[in-house]
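Architecture at a glance
Here is how the chains run, residue by residue.
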Amino acid sequence: MALLTEIANYLASTGIGTVGSTIFISMLPTEAADQCVVLTEYGGMGTEKTVAMGVGGAKVEYPRFQLMVRSNVLTTTGYYSAAKTLAQNAFNKLDGFVGTMSGGTYFWIAGLQNPFSIGLDEGNERMMIVSNFQAARQPGA
């Protein structure tokens, strides 16, 4: 299964949201809920190989992905608090993960930084919080 699908399904299984309703992969539909999570993959590190494996024989791959939370839930501390809480909860579920997700084997997932604000989305006063991750996973997973 693909990296982002595995991550999305895992987050859904931990109560962060529902895939296709409040958790989205690679893009945010215009009709998406105001409070939601978006996962996007971006360039990671090269694969780890052994000489005996030859061309294309990767032993470990190191993809990277970003988790973005958007929220317009207003609290006494403004829009920031609800978005930050959801982002931190998702971060805590992923950072340090070791094991399997939907059959994919993960040697580890590490948060590259704690969740941080990138400001409000354009014109809608929805706070956006992001964090980036790197994983070490078995190829073909």
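Use the structure listed above.
Residues numbered from 1 in each chain as written. Predicted model: local features only at pLDDT ≥ 70, side-chain atom pairs only at ≥ 80, totals over all residues. Heavy atoms only, no water.

**Some words on the overall build of the chain**
What counts, and what does not: Elements are defined by DSSP. Helices are runs of H or I of four residues or more, strands are runs of E of two residues or more, and each kind is numbered from the N terminus. For every residue, the accessible area obtained with a 1.4 Å probe (protein chains only) is divided by the maximum for its type, and the residue is called buried under 20%, exposed over 50%, and partly exposed between those limits. What makes two residues a contact is simply this: any of their non-hydrogen atoms within 4.5 Å.
Of the regular secondary structure elements, the chain holds two helices and seven strands. Viewed in the frame of its principal axes, the chain has a C-alpha envelope of about 60 × 25 × 25 Å. Per-residue burial for the chain yields a buried fraction of 40% across its 141 residues. Counted over contacts in the chain with a minimum sequence separation of 6, partners at least 24 positions apart contribute 58%.

**Some words on the pattern of salt bridges**
The test is simple: One speaks of a salt bridge when a side-chain nitrogen belonging to Lys or Arg is within 4 Å of a carboxyl oxygen belonging to Asp or Glu.
On inspection of all chains with the given rule, the structure shows four salt bridges. Residue R137 is joined to E6 by a salt bridge in which the shortest nitrogen-to-oxygen separation is 3.0 Å. Taken together, the residues span a long stretch of sequence, with R137 in strand β7 (residues 127-137) and E6 in helix α1 (residues 3-13) at a distance of 131 residues. Classification of R137 by relative accessible area gives buried; the value is 4%.

**Digging into the packing of aromatic side chains**
Worth spelling out the cut-off: Any two of the Phe, Tyr and Trp rings considered here, Trp counted by its six-membered ring, make a pair once their centres fall within 6.5 Å; the pair's planes then place it as stacked at under 30 degrees, edge-to-face at over 60, or tilted in between.
For the structure shown, the criterion picks out five aromatic pairs. Ring centres 5.5 Å apart and planes at 40 degrees place the aromatic pair F91 and F133 in the tilted group. With a gap of 42 residues between them, F91 in helix α2 (residues 80-94) and F133 in strand β7 connect regions that are remote in the sequence. Taking relative accessible area as the criterion, F91 reaches 5% and is therefore assigned buried. Classification of F133 by relative accessible area gives buried; the value is 0%. Taken together, a centroid distance of 6.4 Å and an interplanar angle of 75 degrees make the contact between F97 and Y106 edge-to-face. Of the two residues, F97 and Y106, neither departs from the other in class, the shared state being buried. Among the aromatic residues, ring-to-ring pairing joins Y10, F97 and Y106 into one connected group.

**Here's the deal with a nonpolar patch on the surface**
Selection rule: In this analysis, a patch consists of residues with relative accessible area above 30% that form no salt bridge, clustered at 9 Å for like charges and at 5 Å for the nonpolar side chains Val, Leu, Ile, Met, Phe, Trp and Tyr. For the area figures, the Shrake-Rupley method with a 1.4 Å probe applies, and any residue is considered shielded solely by the protein chains shown.
On the surface, V98, F107 and W108 cluster together to form a nonpolar patch covering roughly 290 Å² of accessible area. Considering the arrangement of structural elements, one finds V98 in the loop between α2 and β4 (99-101). In this structure V98 comes out as exposed when scored by relative accessible area, which is 57%.

**Side note on the side chain of S131**
By secondary structure assignment, the location of S131 is in strand β7. Note on S131: relative accessible area 0%, which makes it buried. Dropping the residues within four chain positions of it, S131 is found in contact with F65, Q66, L67, F91, Q113, N114 and P115.

**Regarding the nonpolar core**
What tends to happen in soluble globular proteins is that the nonpolar side chains get buried as a cluster. We apply this condition: Working definition of a nonpolar core: buried Ala, Val, Leu, Ile, Met, Phe, Trp, Tyr and Cys residues. They are joined through side-chain atoms within 4.5 Å.
Core analysis: the biggest nonpolar cluster contains 27 residues, and I7, L11, L39, F65, L67, L94 and I109 have the highest contact counts within it. Among the secondary structure elements, those contributing two or more residues to this core are α1, β2 (36-49), β3 (58-71), α2, β5 (104-111) and β7. Ignoring any residue separated from it by four or fewer positions in sequence, one finds L39 in contact with L4, I7, A8, L11, I23, F24, I25, S26, F65, Q66 and L67. If you look at the next biggest cluster of nonpolar residues, it comprises seven residues, including F24, A32, M128 and V130.

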